[in-house]
Amino acid sequence: MDETRREIAGGGLYAENGRIVAVGTSAELPETADEVIDLAGHVALPGFVNTHHHMYQSLTRAVPGAQDGALFQWLRTLYPIWARLTPEMIRVSTQIAMAELLLSGCTTTSDHLYVYPNGCRLDDALEAAEQVGMRFHATRGCMSVGVSQGGLPPDSLVEDEAAILRDTQRLIEAYHDPSRYAMRRIGVAPCSPFSVSRALMRDAAALARSYGVSLHTHLAENADDVAFSRERFACTPAEYAADLGWTGSDVWHAHCVQLDAPGIALFARSGTGVAHCPCSNMRLGSGIAPVREMLRAGVAVGLGVDGSASNDGGHMLGEARTAMLLARVGFRPDAMSARDALDMATLGGARVLGRDDIGALAPGMAADVVAFDARTLGFAGSLHDPVAALLFCAPATVAFAVVNGRVLVRDGRITTLDLPVLIERHNALATRLLKNED
């Protein structure tokens, strides 16, 4: 994914201190290093960039009563369950979500945590992520307008707006790293137009810009979302965002399934990014985002697995495959190629998150590399084009994943977590959450 999109047979790279120094054929690279990883028979590429997630939702996959509902019904079913979340649940679900992402080829991820009941804090997710070792963009989400004020969430899950802003400022000052190759950044992320006030949207944007951090929210996710915006604010979601200062290269919006032509033009002019979440959009019946039109207009588009309660999975390679296939539905089979989808999953995501140090294998970039073993059953018969095979064949798990020069997945196993123990604890917590047990 360098400037010329080179595909190097017999290729390799050399990295020092978490940075790529050289890329080329193996014969061109230094013969020795502190560690040499032989990836003969593998396809190596930049780690994928996940631009939208709700990691806590991995505790509520396939919940009965929420399996067949559209967005608003789905949320009303799950809000009371999420109101029982605990700090341990945030920590364990963060690690489960990150493990799933890593094994699917993702090395950088964002997360949108917007519920904070029972003493939960964004710090819980940040501390859990530190152990895993992924590059992490954590966003401080929030909800402030409950049902009694015309919003969607129950009043028990909303927070005081002044307290939200104070805590967001605290988190930025404590955790945000603006430097190149940063492993941890903080974003400001009011949940959605139907769960926060105009004032909070404006104040959040002002706070973010005073610290030079990014802004993130949900926008134009489905027809109900658009109807709510027109009825409540007398404008489209894109117009609402623009009016409140929520456009620009420091802003990215999740979904945008119902973004209209003027909205697409606005986003292209302003450099506003979009997190495309095809699996979630299909699962909730929200529709097909106009990704082809966005890309044609020059909008920055990355991929997001979205929450594991609306996707019920967090497989980044699978998300890229779905994006490719969905772009073809009702159009033409060449509407999006495998390489186009890989572009969104890497450089597209990096652009959306405002980064120029990830998404490509090139000198000066972060040493974030993933490798898939092309000799496995799922790729049999496809080696005439192993790059396209990654997308056209069934989604595979990685054999190796390196983040910042550190091996986090070796021979298909995560090196920083005891995954069987973690899964067992996660399942116990999910059972407790659904049964409302102490």
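Predicted model, so just to flag it, every value in this text is computed and none were measured.

Peer 1: Let's hear about the environment of Ile90: which residues, and what values?
Peer 2: One can find Ile90 in helix α2 (residues 87-103). When sequence neighbours within four positions are dropped, the list of residues in contact with Ile90 reads Tyr56, Leu85, Leu113, Cys120, Arg121, Asp124 and Ala125.

Peer 1: Can you lay out the packing of helix α4 (residues 161-175) against helix α5 (residues 198-211) for me, pointing to particular residues and giving the numbers?
Peer 2: To characterise two packed helices, one gives the angle between the axes of the helices and the distance between these axes. Close contact between α4 and α5 brings their axes to 11 Å; oriented N to C, the two are set at 20 degrees. Put simply, α4 runs roughly parallel to α5. Two packed elements cross with a definite hand, and for α4 against α5 that hand is right-handed. Packed against α4, whose contacting residues are Glu161, Ile164, Leu165, Thr168, Gln169, Ile172 and Glu173, the element α5 presents Ala199, Leu200, Asp203, Ala204, Leu207 and Tyr211 at the interface. A class-by-class count of the residues in the contact of α4 with α5 yields 8 nonpolar, 2 polar and 3 charged.

Peer 1: Tell me about the nonpolar core, and please be specific about residues and values.
Peer 2: Within the largest apolar cluster, 122 residues are counted, with the highest numbers of intra-cluster contacts made by Trp82 and Leu85. With 10 residues, the top contributor of residues to this core is α2. In contact with Trp82, not counting residues within four places along its chain, are Tyr56, Gln57, Thr60, Trp74, Leu75, Tyr114, Pro117 and Ala309. Grouped together as the second largest cluster of nonpolar side chains are 13 residues, Val369, Phe400, Val402 and Val407 included.

Peer 1: Account for empty space enclosed by the protein, naming residues and giving values.
Peer 2: Any empty space left between the atoms is revealed when a probe the size of a water molecule rolls over them. Per the stated rule, a full pass over the model turns up 2 cavities of 30 Å³ or more. Quantified by volume, the largest cavity comes out at close to 120 Å³. Looking at the lining of the largest cavity, the element that brings in the most residues is helix α1 (residues 71-82), giving 4 residues. Split into classes, the residues belonging to the lining of the largest cavity amount to 8 nonpolar, 7 polar and 2 charged. Estimates place the volume of the second largest cavity at around 40 Å³. In terms of lining, the second largest cavity is formed by Arg140, Cys142, Ile164, Leu165, Thr168, Val188, Ala189, Pro190, Leu200 and Ala204.

Peer 1: Can you explain the packing of aromatic side chains? Please cite residues and give values.
Peer 2: For the structure shown, the criterion picks out 9 aromatic pairs. When the ring of Trp74 is compared with that of Trp82, the centres are 5.7 Å apart and the planes differ by 75 degrees; the resulting orientation is edge-to-face. Exposure remark for Trp82: the relative accessible area of 0% places this residue in the buried category. Grouping aromatic residues by their ring pairs yields a cluster made of Tyr56, Trp74, Tyr79, Trp82 and Tyr114. The ring of Tyr181 has Arg19 lying over it, and the distance from NZ or CZ to the ring centre is 3.8 Å.

Peer 1: Just give me the short version of the pattern of salt bridges, but keep the residues and values in it.
Peer 2: Inspection of every chain in the model, using the stated rule, returns 24 salt bridges. The salt bridge involving Arg6 is made with Asp2; its shortest N-O contact spans 2.8 Å. Judged by relative accessible area, Arg6 falls into the partly exposed class, the value being 42%. By relative accessible area, Asp2 is classed as buried at 12%. Residue Asp167 is joined to Arg170 by a salt bridge in which the shortest nitrogen-to-oxygen separation is 2.9 Å.

Peer 1: Residues and numbers for the sheet that holds strand β13 (residues 400-403), please.
Peer 2: Read from one edge of the open sheet, 5 strands run β3-β12-β13-β14-β15, paired in antiparallel fashion. One side of each edge strand has no neighbouring strand; the edge strands of this open sheet are β3 (42-46) and β15 (413-414). Bridge analysis of β13 against strand β14 (residues 406-410) gives 3 bridges, and the strand direction is antiparallel. For Ala401, the partnering residue across the bridge sits in β14 and is Val409.

Peer 1: Could you give an account of the state of the cysteines, naming the residues involved and the relevant values?
Peer 2: Under the defined criterion, the tally for this structure stands at 0 disulfides. Its sulfur unpaired, Cys120 is 15 Å from the next cysteine sulfur, which belongs to Cys142. We classify Cys120 as buried; its relative accessible area is 6%. No disulfide involves Cys256; its sulfur sits 9.4 Å from that of Cys277, the nearest cysteine. Overall, Cys256 belongs to the buried group, its relative accessible area being 0%.

Peer 1: Which residues make up the side chain of Asp123, and what values do they have?
Peer 2: Within the secondary structure layout, Asp123 lies in helix α3 (residues 122-132). For Asp123, a relative accessible area of 2% puts it in the buried group. Within the structure, the side chain of Asp123 is placed 2.8 Å from the side chain of Arg170, a separation counted as a polar contact. Not counting chain neighbours up to four residues away, the residues in contact with Asp123 comprise Arg170, Leu171 and Tyr175.

Peer 1: Before we move on, could you go through α2 and cite the residues and values that matter?
Peer 2: With 17 residues, α2 ought to run about 24 Å at 1.5 Å a step, and its terminal C-alpha atoms sit 25 Å apart, in line with that. Where α2 terminates, the next one or two residues include Gly105, which has phi positive at roughly 100 degrees.

Criteria and thresholds
Residues numbered from 1 in each chain as written. Predicted model: local features only at pLDDT ≥ 70, side-chain atom pairs only at ≥ 80, totals over all residues. Heavy atoms only, no water. Helix = DSSP H or I, 4+ residues; strand = E, 2+ residues; numbered from the N terminus. Contact = heavy atoms within 4.5 Å. Axes fitted to C-alpha atoms, helices over the stretch in contact; angles between N-to-C directions. Parallel < 35°, antiparallel > 145°, perpendicular 65-115°, else oblique. Left-handed = near helix turned anticlockwise from the far one by under 90°. Nonpolar A, V, L, I, M, F, W, Y, C, P; charged D, E, K, R; others polar. Core = buried A, V, L, I, M, F, W, Y, C linked by side-chain atoms within 4.5 Å. Buried < 20%, exposed > 50% of the residue type's maximum accessible area, 1.4 Å probe, protein only. 1 Å grid on protein atoms, 1.4 Å probe; cavity = no way out; pocket = protein on both sides within 12 Å on 5 of 7 lines; lining within 4 Å. Points joined across faces, edges and corners; volume = space filled by probe spheres on them. Phe/Tyr/Trp six-rings, centres within 6.5 Å; stacked < 30°, edge-to-face > 60°. Lys NZ or Arg CZ within 6 Å of the ring centre and 35° of its normal. Salt bridge = Lys/Arg side-chain N within 4 Å of Asp/Glu carboxyl O. Pairing = 2+ DSSP bridges. Disulfide = S-S within 2.5 Å. Polar contact = N/O pair within 3.5 Å; in protein donor to acceptor, adjacent residues only side chain to side chain. Expected span 1.5 Å × (residues − 1).

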